Structures are given as structure tokens and as C-alpha cells.
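# Observations on the three-dimensional arrangement
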Amino acid sequence: SLGCAKNLVDSEEIISFLKRSGATIVPDPKNADLIFINTCAFIEAAKKEAIDTILEMAKYGKPLVVLGCFAQRYGKAVASEMPEVKCWIPFGTYGTIAQQLNAAFPNLDLSGGIDATKREFAYPGPEAYLRIAEGCNDFCTFCAIPYIRGRFHSVPLPLLERQMDDMEKGGIRSLTLIAQDTSMYGRDIGTSLTALVQKCLQHPRFNWVKLMYLYPDEIPDSLIEFYADSEHSLTPYFDLPLQHASDHILKRMNRRGREQDYVELLDKVRTKRPDIVLRTTMMVGFPGETDEDFEELLRFVEKEKFDHLGAFIYNREEGTPAYSFKDQVPAKIKKERLDALMKLQAGISYSLNKARIGRKYKVLITGYDAGNLAYKGISDLFAPDDIDGKLYVFSDDPLSVGDIVEAEIVNASVYDLDAKVVRVLEKAERPTTDHIG
Ligand code: SF4
């Protein structure tokens, strides 16, 4: 399963469908009869990774099934050059996955299909994603997602409620809500993200509820209130992909909101919840980005001091408006700007991390890292999947996945933190022996 967490949820639903159809899932491709590759094609690097993975899997000499965004966007164009791929299943045709597989492999007789309420979690444990919508209506001029994944549509609230109930019963303690544009949730079906979060927070076993990918101009005060609610608080982790801070570039990107709006929003969130952890994503080298635009971005980042910042170099994406913008930035300058931005952020992240030494956090134990002789943990401080950094937890006594501890930060690097267990707050209900040190 390549690409983002949203794609991973697709893979989990596909695996569930295959298992319900009688397939056995084997981790080693050597032992498989069919190899499934769920791809991403969002940016140049993702396309390359998809092609490399297909070529690598082809070496096993087994028929390949390629799904996902790469199949959607390029399957038809490259099918004749990749005869190892016996079946291309574009993202938009998952409704007929059984029929497509039966047609490609006559010895199969699959029935049924993908069911959003049935997932086979890729990483069984106490944390999970909840995908609340699909597609996007925002049409940022650099982004191919609306053309690949289609228009925004929310998952019906009752279906999400059922999924949340099942997850809570299944032992999930940390839930992360995702979509291409999370804040848009519900607008197409007469509800709202605030209503969904309210439902989510009614599940007392969810100790961490994080929202990823919020769009800056769609965040109502009612949602921000949840971060300050002392009884049923959203995890104070605020992910706001901004892409840039120069109004000139934001306009060309077709992003709504301007630098001043972003400053006011961040002020409002910090006033409500002073300890909130802020994450953003920025893009450098967008067509027409001048030295002044880039300096504006650096000034903004320096001033706002995000806890986490992911940065990308702009890549021309076929079929998007920015592809044909005339004033493309030379590759060398794009790289220099990325390096300068990441250097600035590294200093900010390091000083914020250092300031956390001595502070105590509630941590959910999610695994064991044998290389570092430490447990891995989820807290308020990082997103899942280590995209921000890693929290290593050291303990004198053995812990289980699912234990909740209080841990004190004892060491900090630019991105990662080390913590020492102060006390165990709660033992896992159903301790697993997986990943135990
Ligand atoms: S909000 Fe913009 S960048 Fe994000 S998925 Fe939608 S179009 Fe792409």
C-alpha cells in the first residue's frame, strides 16, 4: 500500500473484501498467487514509487493487480508496457472489484465487494484512521487530486458512527480523522465537522482524537471550542496545511484566505488552547514565486513557529492549471529554497522540542523499536505514522501495546523525543504480545 493514510484505508477495505471472499493474505510476495499493489500518483515522486514497486513485484513472476490513483490516472496509457499487470483496477471502479478480478482471472469466482464498515487493519493496535470523506472541490492550481479522486463527498454520519462504535469496541484509543479536506465534512449531506466531532467525543475510550488536513477558511469557532473544552477535548494538535504565506502566490495557487487571515486564525486557536501543537505544510518553487515571496514565507514561518512543518518542492502535474504557467522556477532555486526553509524549521523544531524536556505527557504505547531498545508511543505531540517525528519511551518495567503511561521528556533532537515512564496510568484491556520488548 503506497501513498497516504487515505490510500491505506482503501487497502484495509480491499484486504477485508479479499478475506471475506476466501483469500488468504500472505505477507511475503514469494508465497502469493496474486500480488496486489495499491498506488498513489499525487506527485512525481509517488508516480516513480508506483512504477518502481510494480517493476520490483514483477520480479516474483506472479500476476499483478494494480489499484489506486496510478491505475486511475495512467493504467490505460501504460498497460501495454507492463504485461505483468494482469488487472488494472482504477480507484473509480472499486464498486465492481469482484467482477473485474473474475474477468481477469477465470479461475476466480469472487462475489460481494468493498464495504466501508469492514476493514482489516494494516497495523493492528490501539490507533486507527477514520476516513470521513473522499475527493476535493478546492482545485488548488498545483494539485491533481480533484481530477483523480473526483468531487468532494462525505461519508454519511450514521456510517461513521457505526465505524466509531466498532473501533471503540475493538480497542482503538487513538483516532485520527482524515480526508482531502477534512473541514468540509458534512456540507454536501446537511451536517458538519462540528457535529461529527461531537459524536466522536462521545466515545469515552477514544483518548486521542486528532483532525488532519483542515482547510484554513472553513474552520468555525464551534470547532475551535472543542480544543478548549476541559471535559471532552479534541487532542490539542492542529494540522493546517497552508501551502504558502505570500498573498501573491496563494492567489495563483487558487487558495482561499490570505496571510492576515492565517495569522488571525492561528492567534485564535492559540488563545483558546495555548499548548496546542501546530502542524502545517508548505510548498516552495511554485511558478512565479519571487525572492520576495519566498522571504515572505520565511518571515511567516519564523514568526508563527510551527511545531511541525512539512515542505515540498512544487512539481508540474499534468492536467493541472499550474502545469502551463509560464514562469516556472528553475530546479536549482527550488532546491535552495527547500533547503533554506527546512534549515529554518529545523532550528524552530529543535528549540520547541528542547523546551519540552522535563514536561510530562500522557502516552499510548503502540509498539517496540528493537533498534532503539525503546517503546513507541502516541501523544498529543505528533501525528500518527511518524510523519512529524518519533516518540521513544523508555521503561524499567515491561509494557504492552495499548498501555497508557505518563512519561517525562528526557531528551530532544530536531524531530524526535525520548521519554521516561513516570507511572502507568492504565494497562491495556487486551494486551497483545506483538511488538513487545
Ligand atoms: S485542498 Fe487543494 S491541495 Fe488539498 S486535495 Fe484539495 S485541491 Fe489538492
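Computed from a predicted model, the values in this text were never measured in an experiment. (Residues numbered from 1 in each chain as written. Predicted model: local features only at pLDDT ≥ 70, side-chain atom pairs only at ≥ 80, totals over all residues. Heavy atoms only, no water.)

### With respect to the pattern of salt bridges
What the rule picks out here adds up to 37 salt bridges. Notably, a salt bridge pairs D327 with R252, separated by 3.0 Å at the nearest N-O pair. Here the residue D327 occupies a position in the loop between β11 (308-313) and α12 (331-355), and R252 occupies one in helix α9 (residues 247-252), the gap between them amounting to 75 residues. According to the relative accessible area criterion, D327 is partly exposed, its value standing at 35%. A salt bridge links E296 to R299; its shortest N-O distance comes to 2.9 Å. (Salt bridge = Lys/Arg side-chain N within 4 Å of Asp/Glu carboxyl O. Helix = DSSP H or I, 4+ residues; strand = E, 2+ residues; numbered from the N terminus. Buried < 20%, exposed > 50% of the residue type's maximum accessible area, 1.4 Å probe, protein only.)

### Some remarks on the domain arrangement of the chain
Assigned domains of the chain: these are domain 1 (5-104), domain 2 (127-355) and domain 3 (360-426). Each of domain 2 and domain 3 has a C-alpha centre, and these two points are 25 Å apart. Facing the 22 residues of domain 2 at the interface are 22 residues of domain 3. Its largest share of buried area at the contact with domain 3, domain 2 owes to E127, W208 and N353, together 31% of the area lost on that side. Here domain 2 is connected to domain 3 by three salt bridges. A salt bridge links D388 to R279; the nearest nitrogen and oxygen atoms lie 2.6 Å apart. At the junction of domain 2 with domain 3, the criterion picks out nine residue pairs in polar contact (both at pLDDT 80 or more). Looking at the side of domain 2 that touches domain 3, the elements with two or more residues in it are β4 (127-131), β7 (174-178), β8 (208-211), β10 (277-284) and α12. (Domains from an automatic or database assignment. Contact = heavy atoms within 4.5 Å. Buried area = accessible area lost by both parts, 1.4 Å probe. Polar contact = N/O pair within 3.5 Å; in protein donor to acceptor, adjacent residues only side chain to side chain.)

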